[in-house]
Amino acid sequence: MFSNYKIAVLPGDGIGPEVMKQVYKIIYLINKIFKLNIITKEYKIGGIAIDDINIPLPLNTLLGCLKSNAILLGSVGGNRWDNLPSKKKPEIGSLLFLRKYFKLFNNLRPSKLYLGLEYLCPLKKEIYNKGLDILCVRELISGIYFGKPKGYNGYNKLKYAFDTEIYYKFEIEKIAHVAFKKALERKLKVTSVDKSNVLQSSILWRKTVCNISKLYPKVELNHMYIDNITMQLIKNPSQFDVILCSNLFGDIISDECAMISGSIGMLPSASLNENKFGIYEPAGGSAPDISGKNIANPIAQILSFSMLLKYSFNLVKESDIIDNSINKVLKYGYKTKDLTLNSKDFISTSEIGSLISCFIIKENNINEQNTIRKNI
Ligand code: NAD
């Protein structure tokens, strides 16, 4: 697809830089094993960029992203920058801007229960034993987060605030196609989320999704109200395959999926546009409470890189090798702190990164093992 694969790496704030370091180990190996030329260049974003030049998204960073084939992001934000005006805040001024700028309408968040980590699921054993493997497909650049008008007005007791939930038919069609195509690669089921008993925008959402479903006769479609699906996810998550959501409902549902699958440190995400250009990042934030302690879980960041290989570079085999190595490390019982229940028996961020790398080396039976090990 590309002769060189260029990635703009934006480690950002908090645990971002320390988990990103583990991805570099994997990139080194993937280049070596598959004789690829994945090139990375780092740029500043978020709080660290504010500290540096007083803006969360420097021009140099935006230009670097424009010159790249994909963006790998850590996380942005932290207490230090919480009280800045809205447009200067790390998340609004950098992340939301980038999503809109690159028209990343399609947000994919897989969540599953990993073998060996079932005990992290807060649900009853008889529920999680049936399995949990869900892909949340969320519309990312429209709906109530961006709809106009929004604002506030009035005085004293008559002061009021308002937002607008607005969806064009073409926007619903685009994200619905993504969900049905993903279902074709999975278990052939789409559950579309709305509130069509109350909201006009949801009535259009449901009608449009029904129409698009006719183009995918192999995929079963059902609809659920947002209030019902929040209950169903707890009662019987194994009934779901692909969940299709608007921006607001997807924000809620994807976090619920994160919770029932164990740790936020395990969950990657991809935000893509029509040309398969995307930002890949962990579902969690900058975790200031654990930053700098070498205890953060880097797996969400590594899985985000794996999604990047698969979705933006079409390097499926390479991505599968990374996923399999992570599965093995977990199956053998190696865990970071967030994956243990009050146990002192855990390994560090850098140790688990190196272990995943070792499993990649082992599985691929490659020469020069000692030289490579020294580099990870
Ligand atoms: P958070 O996701 O950073 O942390 C919530 C909890 O999860 C914390 O206890 C944290 O230690 C834990 N956690 C998160 N990632 C982890 C990992 N990889 N390994 C182990 N534990 C992990 O959410 P928060 O505390 O609400 O937000 C902190 C900052 O991050 C805020 O400034 C917020 O605005 C920002 N944020 C950024 C993004 C992003 O960059 N996409 C997303 C969410 C929040």
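What you see is a predicted model, and the numbers here were worked out from it, not measured in a lab. (Residues numbered from 1 in each chain as written. Predicted model: local features only at pLDDT ≥ 70, side-chain atom pairs only at ≥ 80, totals over all residues. Heavy atoms only, no water.)

Brief notes about the packing of aromatic side chains
Item 1. This model, assessed by the stated rule, comprises nine aromatic pairs.
Item 2. Judged by centre distance (4.7 Å) and plane angle (35°), the rings of Phe102 and Phe277 are tilted. One end of the pair, Phe102, is in the loop between helix H4 (90–101) and strand E4 (106–112); the other, Phe277, is in the loop between strand E11 (268–272) and strand E12 (278–282), with 175 residues separating them in the sequence. Of the two residues, Phe102 and Phe277, neither departs from the other in class, the shared state being buried. (Phe/Tyr/Trp six-rings, centres within 6.5 Å; stacked < 30°, edge-to-face > 60°. Helix = DSSP H or I, 4+ residues; strand = E, 2+ residues; numbered from the N terminus. Buried < 20%, exposed > 50% of the residue type's maximum accessible area, 1.4 Å probe, protein only.)

Thoughts on helix H9 (residues 247–260)
Item 1. Over its 14 residues, H9 runs 20 Å from end to end, which matches the ideal 20 Å to within 8%, given 1.5 Å per residue.
Item 2. The inward-facing, buried residues of H9 abut E4, strand E5 (133–139), strand E8 (189–194), helix H7 (200–213), helix H8 (226–235) and strand E10 (242–245).
Item 3. Positive phi appears at Gly262, one or two residues downstream of H9, with a value of about 120°. (Expected span 1.5 Å × (residues − 1). Contact = heavy atoms within 4.5 Å.)

Describing unusual backbone geometry
Note: most residues except glycine have negative phi, and most peptide bonds are trans.
Item 1. Note the cis peptide between Lys148 and Pro149, where omega equals 5°.
Item 2. Looking at the secondary structure, you find Pro149 in the loop between E5 and strand E6 (151–153).
Item 3. One non-glycine residue, Asn156, lies in positive phi territory at about 45°.
Item 4. Its location among the elements puts Asn156 in the loop between E6 and strand E7 (160–162).
Item 5. Classification of Asn156 as exposed rests on a relative accessible area of 73%.

Some details on the site of the ligand
Item 1. By nearness alone, 20 residues border the ligand, and Val76, Glu91, Gly285, Ala287 and Asp289 come closest of all.
Item 2. In this structure, an oxygen atom belonging to the ligand sits 2.4 Å away from a side-chain N or O atom of Glu91.
Item 3. The backbone of Ala287 places a nitrogen or oxygen atom 2.8 Å from an oxygen atom of the ligand.
Item 4. Taking 800 Å² as the accessible area of the ligand by itself, protein coverage stands at 68%.
Item 5. The residue makeup of the shell around the ligand, split by class, is eight nonpolar, eight polar and four charged. (Near = heavy atom within 4 Å. Polar contact = N/O pair within 3.5 Å; in protein donor to acceptor, adjacent residues only side chain to side chain. Areas by Shrake-Rupley, 256 points an atom, 1.4 Å probe, with all protein chains shown as cover. Nonpolar A, V, L, I, M, F, W, Y, C, P; charged D, E, K, R; others polar.)

Topic: the pattern of salt bridges
Item 1. The final tally for this structure, using the stated rule, is 14 salt bridges.
Item 2. A salt bridge links Asp133 to Arg186, with the shortest nitrogen-to-oxygen separation between them at 3.5 Å. Here the residue Asp133 occupies a position in strand E5, and Arg186 occupies one in the loop between helix H6 (169–185) and E8, the gap between them amounting to 53 residues.
Item 3. Given a relative accessible area of 33%, Asp133 falls into the partly exposed group. (Salt bridge = Lys/Arg side-chain N within 4 Å of Asp/Glu carboxyl O.)

Brief notes about the side chain of Lys182
Item 1. With respect to the element layout, Lys182 can be found in helix H6.
Item 2. Since its relative accessible area comes to 11%, Lys182 is described here as buried.

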